Amino acid sequence: MNLVPTIANIKKTEREGIVGSVSFEFSGDLNAGQVFKIGTFGRGETTAWVTDSDKKNVTVSFLDNNAVTHKIMLLPPNECITIRGPFGNGFSLLNERNVLLISQDDAILSQKKLINDLLQNGNQINLLHFTSFPKDIFMGSSLNKAVSPDSPINGDIVDMTKKGPQDLDAFVKSSIKSEYISGINAVALAGNEDFQQSVSRVLEKTAIKDKSIQILFNRNFVSGMGWSNKDLYGTTNIWKEGPVFTLDQIRRFPGVFI
Amino acid sequence: MSDYILSKAKLKYWLEDIRTRNELWAPVGSKGAVSYLKNPKGENVATDFTNSLDCPKYIFCPQQEAICNYEIQGRGKVAIEEIEPDSTPRVVFGLRPPDIRGLEILDAYLLKDQVDQRYEAKRKNTINICLGYHNPPPCCFAESVGVDLFPKNGSDILLTDIGRSYYVETLSEKGNSLISEHFNDADDIVRNEAWDIQKKSQGKTNFDLNLNRWQDFTDSEIYTLPYWDEIYLGVIADSVATRYFYSGTYFKIVDVNSGNKGTRYKTWTTMYSPDFSTLANGYDYKPSLKEKFKDWILEMFHFFPKRHGFLGCSGAHRCVAGMTTKHDLRKIISNVDFGL
């Protein structure tokens, strides 16, 4: 693997709350759930999710919470950034008729492109977004539009601050109502691992097959190399074979995921 | 394969010869504190040590390795100068058998799925000279993890200390290329003497780790043993640890710049680093020392062997002798409580 980055010129930067986005030229097919390592010389690299793309351009998004992202967000159009990637397999749900998307907080970044792709493809979408920051929802404007009554998406934004003393499993179970699950062929799930576990416990009691539940194993991709122990989950290299796995595959991972 | 005899008195001259044509790395220091240094004088090279302080992975995979230089030339303009992989002819003298295994472990990480071109170039252009383990320290458990004390694979030349001389076995073409006028052909007397020493050394480091018990359990069963909840107590998050081990390392990219110029480096650091398992949103999927320590042990003794067919531990005892904890890895592994 050649670690020398390529240079891209920024087309546009955008910010919504703590989420920053940057667009640059890139030709090639991309999936939701794939990442680029983007950076600026002098600061290093950070991970950014593919949130939009056409044949010539790609938009990637990230949490603007470190020195690299702060610097990128200050750069004007045409300024240079470094890129490596794309990495990972991404979600592949376009052939499924009725799809349920479940995300938590910033994990929506990995699903934004999926929502657009599914809508363009004519799939029926149910969407549940769990937020810990109801006053400052990640990608709030897009999400509010997506779950509005005039949207083709059947969805809801769940306020996790209302969880109270009940455990996460019980809260998630009560939040995933039957109307969101009935008739669903496939699920895309993204969030922290404890959240993924809780959702999976609910889904395993439904008629949805494990093979049809795609989970983004949202592990930090610091190196972009896949050489570290941290990229491994048992015998599986997250960044070689993932990061999107089916629940069926994840059940074989050692540990207490399910 | 050929065999020779090299007088210990001539060793320094041989090393000096090597140094004139290659970049020589060799152990320097006294018994307790030996490190591999670049181009030491032949007379300063240590041969009577049991193990180096740090594992010599830094010779092949330096902790900071430059990837490219850059210069920001103005708005929208950056010049990148790629730093080519280092293909300097290199000879590493005096690697001990656990470190030969260590290189095989690094090969598995860096040459199998995603090839690290810089590491690959160094490996291809390096001749390894192994100093057989006739004097393993008491806490060494190399043979327990499948390391041969006089390995015929993994190095280019194997030296066996037979008193006043070394019995020299060349194990590859690269090894043959280093044979010079300082060597004499070995005869049967020398051969028998060396083989006798090699035979007598067998079993000195064979501590029973009870690893055969692990085969009866699934990944999840091993991963969730209550034993791991207790065994980590007392472990110190030792950031120096990464210098002792071939596994337990992770890589990241850092930039070092001055003005509008700088260099991008690949670096490795320890699994105990604060950001090892923390996501961009602050979520830590291995929040406690317990998980990190357990993952490290299971990686070496369970998952690495499943992926690559041999243990991910070199048995060099650096963890026993050097870590700032009272833990003895041999006992941790051999005493795993499966609740039977």
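Values in this document were obtained by computation on a predicted structure and should not be read as measured data.

About the cut-offs
Residues numbered from 1 in each chain as written. Chains lettered and ligands numbered in written order. Predicted model: local features only at pLDDT ≥ 70, side-chain atom pairs only at ≥ 80, totals over all residues. Heavy atoms only, no water. Helix = DSSP H or I, 4+ residues; strand = E, 2+ residues; numbered from the N terminus. Buried < 20%, exposed > 50% of the residue type's maximum accessible area, 1.4 Å probe, protein only. Lys, Arg positive; Asp, Glu negative; His and termini not counted. Salt bridge = Lys/Arg side-chain N within 4 Å of Asp/Glu carboxyl O. Polar contact = N/O pair within 3.5 Å; in protein donor to acceptor, adjacent residues only side chain to side chain. Core = buried A, V, L, I, M, F, W, Y, C linked by side-chain atoms within 4.5 Å. Contact = heavy atoms within 4.5 Å. Pairing = 2+ DSSP bridges. Axes fitted to C-alpha atoms, helices over the stretch in contact; angles between N-to-C directions. Buried area = accessible area lost by both parts, 1.4 Å probe. pLDDT = per-residue confidence, 0-100. Phe/Tyr/Trp six-rings, centres within 6.5 Å; stacked < 30°, edge-to-face > 60°. Lys NZ or Arg CZ within 6 Å of the ring centre and 35° of its normal. Right-handed = clockwise from strand over helix to strand, strands pointing away. Disulfide = S-S within 2.5 Å. Left-handed = near helix turned anticlockwise from the far one by under 90°.

**Looking at the side chain of D159(A)**
Residue and element names in this part refer to chain A.
In step 1: Tracing the backbone through its elements, the reader meets D159 in strand β9 (residues 154–159).
In step 2: Buried and unpaired, D159 has no salt bridge, with K162 as the nearest side chain of opposite charge at 4.3 Å.
In step 3: Side-chain polar atoms of D159 contact the side chain of T161, separated by 2.4 Å.

**Details of the nonpolar core**
In step 1: Counting residues in each nonpolar core, the largest one holds 89 residues, and the members touching the most others are W14(B), F93(B), W214(B), W228(B) and F301(B).
In step 2: The biggest single contributor to this core is helix α9 (residues 289–308) of chain B, with eight residues.
In step 3: With residues near it in sequence (within four places) discarded, W214(B) still touches I222(B), W228(B), L298(B), F301(B), H302(B), I333(B), V336(B) and F338(B).
In step 4: Counting residues in each nonpolar core, the second largest holds 71 residues, with F41(A), L109(A), V202(A) and V244(A) among its members.

**With respect to the sheet that holds strand β9 (residues 165–170) of chain B**
All names here are of chain B.
In step 1: Within the open sheet, the eight strands sit side by side as β3-β2-β6-β7-β8-β9-β1-β10. Their pairing is mixed. Across the chains shown, the open sheet's two edge strands, defined by having one partner strand only, are β3 (33–38) and β10 (183–185). Taken over all neighbouring pairs, the strand axes of this sheet differ in orientation by 25° on average, direction set aside.
In step 2: Relative to β10, strand β1 (residues 2–7) runs antiparallel, the two being bridged by three bridges. From the neighbouring strand, Y4 faces β10, where its bridge partner is D185.
In step 3: Contacts from helix α6 (residues 188–201) reach β1, β8 (157–161) and β9, with the element oriented near 90° to β9.

**Quick word on the interface of chain B and chain A**
In step 1: Listed by partner, the interface residues are 48 residues for chain B and 45 residues for chain A.
In step 2: Carbon and sulfur atoms make up 59% of the area that chain B and chain A hide from each other, which totals about 4,100 Å².
In step 3: The largest per-residue losses of area from chain B upon contact with chain A belong to R264(B), Y283(B) and Y285(B), which jointly make up 14% of the total buried on that side.
In step 4: A salt bridge links R264(B) to E45(A), with the nearest nitrogen and oxygen atoms 3.5 Å apart.

**Describing the sheet that holds strand β5 (residues 57–63) of chain A**
Residue and element names in this part refer to chain A.
In step 1: Taken in spatial order, the six strands line up as β1-β2-β5-β4-β3-β6 and close into a barrel, and their pairing is antiparallel. Averaged over all pairs of adjacent strands, the angle between their axes in this sheet comes to 45°, without regard to strand direction.
In step 2: Where strand β3 (residues 35–40) lies against strand β4 (residues 44–53), six bridges are found, and the strand directions are antiparallel. Within β4, the residue paired with F36 across the bridge is A48.

**Structural notes on the pattern of salt bridges**
In step 1: The final tally for this structure, using the stated rule, is 28 salt bridges over all chains.
In step 2: Taking the shortest distance from any N to any O, the salt bridge between K152(B) and E169(B) comes out at 3.7 Å. With K152(B) in the loop between β7 (126–131) and β8 and E169(B) in strand β9, the pair connects residues that are 17 residues apart, well separated along the chain.
In step 3: K152(B) sits in the partly exposed class, given a relative accessible area of 35%.
In step 4: Sharing partners across several salt bridges, the network here consists of E45(A), R84(A), D255(B) and R264(B).

**A closer look at unusual backbone geometry**
In step 1: Note the cis peptide between G85(A) and P86(A), where omega equals 10°.
In step 2: In the segment running from G242(A) into P243(A), the intervening peptide bond is cis, with an omega of 5°.
In step 3: Within the secondary structure, P243(A) is located in the loop between α7 (238–241) and β14 (244–246).
In step 4: Even without a glycine there, the phi angle at H317(B) is positive, about 65°.
In step 5: Tracing the sequence through the fold places H317(B) in the loop between α9 and α10 (318–322).
In step 6: For H317(B), a relative accessible area of 8% puts it in the buried group.

**Remarks on the confidence of the model for chain B**
In step 1: Per-chain confidence: chain B averages 87 in pLDDT, with 96% of residues scoring 70 or above.
In step 2: For this predicted complex, the interface confidence reaches an ipTM of 0.83, while the overall pTM sits at 0.89.

**Re the packing of aromatic side chains**
The relative placement of two aromatic rings is captured by the distance of their centres and the angle of their planes.
Residue and element names in this part refer to chain B.
In step 1: As enumerated under the stated definition, the model contains 19 aromatic pairs over all chains in all.
In step 2: Here the aromatic rings of W14 and F93 are separated by 6.4 Å at their centres, their planes lie at 85°, and the arrangement is edge-to-face. Here W14, found in helix α1 (residues 8–21), pairs with F93, found in strand β6 (residues 90–95); they are 79 residues apart in sequence, far enough to count as distant. Note on accessibility: W14 and F93 belong to one class, buried.
In step 3: Centre to centre, the rings of Y227 and W228 are 5.3 Å apart; their planes meet at 70°, and the pair counts as edge-to-face.
In step 4: Classification of W228 as buried rests on a relative accessible area of 1%.
In step 5: These aromatic residues form a ring-pair network of at least three members: W214, F217, Y227, W228 and F338.
In step 6: When the ring centre of Y166 is taken as reference, the NZ or CZ atom of K8 above it lies at 5.3 Å.
In step 7: For R96, the ring lying beneath its charged end belongs to F49, and the centroid distance is 5.1 Å.

**Side note on the pairing of strand β7 (residues 98–104) of chain A**
In step 1: A large share of β7(A) lies buried, amounting to six of its seven residues.
In step 2: A crossover links β7(A) with its parallel partner strand β8 (residues 124–131) of chain A, the connecting element being helix α2 (residues 112–121) of chain A, and its sense is right-handed.

**Structural notes on the environment of T51(A)**
All names here are of chain A.
In step 1: Its location among the elements puts T51 in strand β4.
In step 2: Sequence separation between T51 and S23 is 28 residues, and the spatial gap between their C-alpha atoms is 9.8 Å.
In step 3: The contacts of T51, once residues within four sequence positions are left out, are T59, V60, S61, L109, K112, K113, N116 and M139.

**A word on the state of the cysteines**
All names here are of chain B.
In step 1: The full count for this structure, using the stated rule, is zero disulfides over all chains.
In step 2: As a non-bridged cysteine, C55 has C61 as the owner of its nearest cysteine sulfur, 10 Å distant.
In step 3: Just so you know, C139 is unpaired, no disulfide at all, and the nearest cysteine sulfur is the one on C140, 7.3 Å from it.

**Considering the packing of helix α3 (residues 97–110) of chain B against α9(B)**
Residues and elements named next belong to chain B.
In step 1: Two numbers describe how α3 lies on α9: the axes approach to 12 Å, and their chain directions differ by 60°. As α3 runs across α9, the sense of the crossing is left-handed. Residues I105, A108 and Y109 of α3 form the contact with α9, whose own contacting residues are E299, F304, R307 and H308.

**Side note on the environment of I83(A)**
Residue and element names in this part refer to chain A.
In step 1: Assignment of secondary structure puts I83 in strand β6 (residues 80–87).
In step 2: Sequence separation between I83 and I153 is 70 residues, and the spatial gap between their C-alpha atoms is 33 Å.
In step 3: Once residues lying within four places of it in the same chain are set aside, the contact partners of I83 are P5, T6, A8, F24, K37 and I38.

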